[in-house]
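Here is what each chain is made of, one letter per residue.
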Amino acid sequence: DSGVTQTPKHLITATGQRVTLRCSPRSGDLSVYWYQQSLDQGLQFLIQYYNGEERAKGNILERFSAQQFPDLHSELNLSSLELGDSALYFCASSTQGPTETQYFGPGTRLLVL
Amino acid sequence: AQSVAQPEDQVNVAEGNPLTVKCTYSVSGNPYLFWYVQYPNRGLQFLLKYITGDNLVKGSYGFEAEFNKSQTSFHLKKPSALVSDSALYFCAVRDVKHSSASKIIFGSGTRLSIRP
């Protein structure tokens, strides 16, 4: 158990809908990262938050957004969902510094029908 | 730009034999390299990392990795494979923008299959 929790585990929704994925980082970790794992794209970095502020952005679509709250939990919002958004979404957390290691949550499996 | 390559989609090894999962990298600056493992229907688990120091890094579950700067490689190894090692393995490099901004760039993954 990495100490990173994600809810829900599974999500089934329809095209055009909006969903929110939630992540709670390990105790003491200030950074939260979101990744998407799909069969054709592999593991892709989406976005990073550090202590409530966006710090790094990857291949995140404009339909997707995220935020990190004062209690350090984070939410990833996916809107106007398309079939191709079906994937595993992982959250990771870490401390900062040169020896930083990212610890991953169990993921949320999203299926868009 | 930082990148990692895992040249093998699949590696098959008999139980008890040594295993190697290959990884090469391309970085500007000092490389921060990682190996993660993903079991079916599970998240990624951290195995080991190279930041600096000894070229041979020891990690979880008996795995180790050898950092080779001249060959820009960071191969994952284990002296004696177990059936339970069967999983998807990812090599990764940390791309540091500044002290509080970084991301991990993952390789495409190598599926390790250990036969009894």
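Since this is a predicted model, take the numbers as computed values, not measurements.

**Section: the environment of G58 of chain A**
Residue and element names in this part refer to chain A. Relative to the helices and strands, G58 is located in the loop between β6 (53-57) and β7 (64-68). Take G58: its relative accessible area is 26%, and that puts it in the partly exposed class. The spacing of G58 and F45 is 13 residues in sequence and 5.4 Å in space, taken between C-alpha atoms.

**Structural notes on the pairing of strand β11 (residues 108-112) of chain A**
The two faces of the sheet receive side chains in turn, since in a regular strand these alternate between them. All names here are of chain A. Residues T108, L110 and V112 line the buried face of β11, whereas the alternating positions R109 and L111 sit on a face that is not buried. Bridge count between strand β2 (residues 10-13) and β11: four bridges; the pairing is parallel. Bridge assignment links T13 to a residue of β11, and that residue is V112. Inspection of the sheet shows strand β9 (residues 87-94) paired to β11 by three bridges, in the antiparallel sense. Residue pairing in the sheet places A87 in a bridge with L110 of β11.

**Looking at the state of the cysteines**
Residue and element names in this part refer to chain A. Taken as a whole, this structure holds two disulfides over all chains when the rule is applied. Disulfide pairing is shown between C23 and C91; the S-S distance is 1.7 Å. Torsion about the S-S bond of the C23 and C91 cystine: about -45 degrees, corresponding to left-handed handedness. Linking C23 in strand β3 (residues 19-24) with C91 in strand β9, this pair joins segments that are 68 residues apart in sequence. In this structure, C23 and C91 share a single accessibility class: buried.

**Concerning the environment of S86 of chain B**
Residue and element names in this part refer to chain B. Following the sequence through the fold, S86 ends up in the loop between β9 (73-78) and β10 (87-98). For the pair formed by S86 and L112, sequence separation is 26 residues and the distance between their alpha carbons is 5.1 Å. Among residues more than four places away in sequence, those in contact with S86 are Y39, L112, S113 and I114. Of the polar contacts made by the side chain of S86, one reaches the backbone oxygen of V83; its length is 2.9 Å.

**Describing the sheet that holds strand β1 (residues 5-7) of chain A**
Residue and element names in this part refer to chain A. As summarised here, the arrangement of the four strands in space is β1-β3-β8-β7, forming an open sheet in which the pairing is antiparallel. With partners counted over all chains shown, the strands left at the sheet margins are β1 and β7, one partner each. Going across the sheet, the axis of each strand differs from the next one's by a mean of 15 degrees, ignoring polarity. Of the pairings in the sheet, the one linking β1 to β3 comprises three bridges and is antiparallel in character. Opposite T7, over in β3, you have R22 as the bridge partner.

**Concerning the interface of chain A and chain B**
Many analyses report the size of an interface as the accessible area lost when the parts associate. Listed by partner, the interface residues are 24 residues for chain A and 23 residues for chain B. Of the roughly 1,800 Å² buried where chain A meets chain B, counting both sides, 51% is carbon and sulfur surface. Remark: the boundary between chain A and chain B carries zero salt bridges. Our count for the chain A to chain B interface comes out at four residue pairs in polar contact (both at pLDDT 80 or more). Elements represented by at least two residues in the side of chain A that touches chain B include exactly β4 (31-38), β5 (42-50), β6, β9 and β10 (103-104) of chain A. Of all the elements, β5 of chain A adds the most residues to the side of chain A that touches chain B, at four residues. A per-class count over the side of chain A that touches chain B returns twelve nonpolar, eight polar and four charged.

**Things to note about the side chain of S38 of chain A**
Summarising the element assignment, S38 of chain A is placed in strand β4. Residue contacts for S38 of chain A: discarding those within four places in its chain leaves S86 and A87 of chain A.

**Considering the layout of surface pockets**
By volume, the largest pocket amounts to about 620 Å³. Contributing to the lining of the largest pocket are 26 residues, with Q37, S38 and L39 of chain A together with L88 and R111 of chain B lying nearest its centre. The set of elements that each furnish at least two residues to the lining of the largest pocket consists of β4, β5, β9 and β11 of chain A together with β10 and β12 (110-115) of chain B. No other element matches β11 of chain A, which puts three residues into the lining of the largest pocket. Among the residues forming the lining of the largest pocket, the class breakdown is eleven nonpolar, eleven polar and four charged. Taken as a whole, the second largest pocket encloses approximately 460 Å³ of empty space.

Reading the values: rules and limits
Residues numbered from 1 in each chain as written. Chains lettered and ligands numbered in written order. Predicted model: local features only at pLDDT ≥ 70, side-chain atom pairs only at ≥ 80, totals over all residues. Heavy atoms only, no water. Helix = DSSP H or I, 4+ residues; strand = E, 2+ residues; numbered from the N terminus. Buried < 20%, exposed > 50% of the residue type's maximum accessible area, 1.4 Å probe, protein only. Pairing = 2+ DSSP bridges. Disulfide = S-S within 2.5 Å. Contact = heavy atoms within 4.5 Å. Polar contact = N/O pair within 3.5 Å; in protein donor to acceptor, adjacent residues only side chain to side chain. Axes fitted to C-alpha atoms, helices over the stretch in contact; angles between N-to-C directions. Buried area = accessible area lost by both parts, 1.4 Å probe. Salt bridge = Lys/Arg side-chain N within 4 Å of Asp/Glu carboxyl O. Nonpolar A, V, L, I, M, F, W, Y, C, P; charged D, E, K, R; others polar. 1 Å grid on protein atoms, 1.4 Å probe; cavity = no way out; pocket = protein on both sides within 12 Å on 5 of 7 lines; lining within 4 Å. Points joined across faces, edges and corners; volume = space filled by probe spheres on them.

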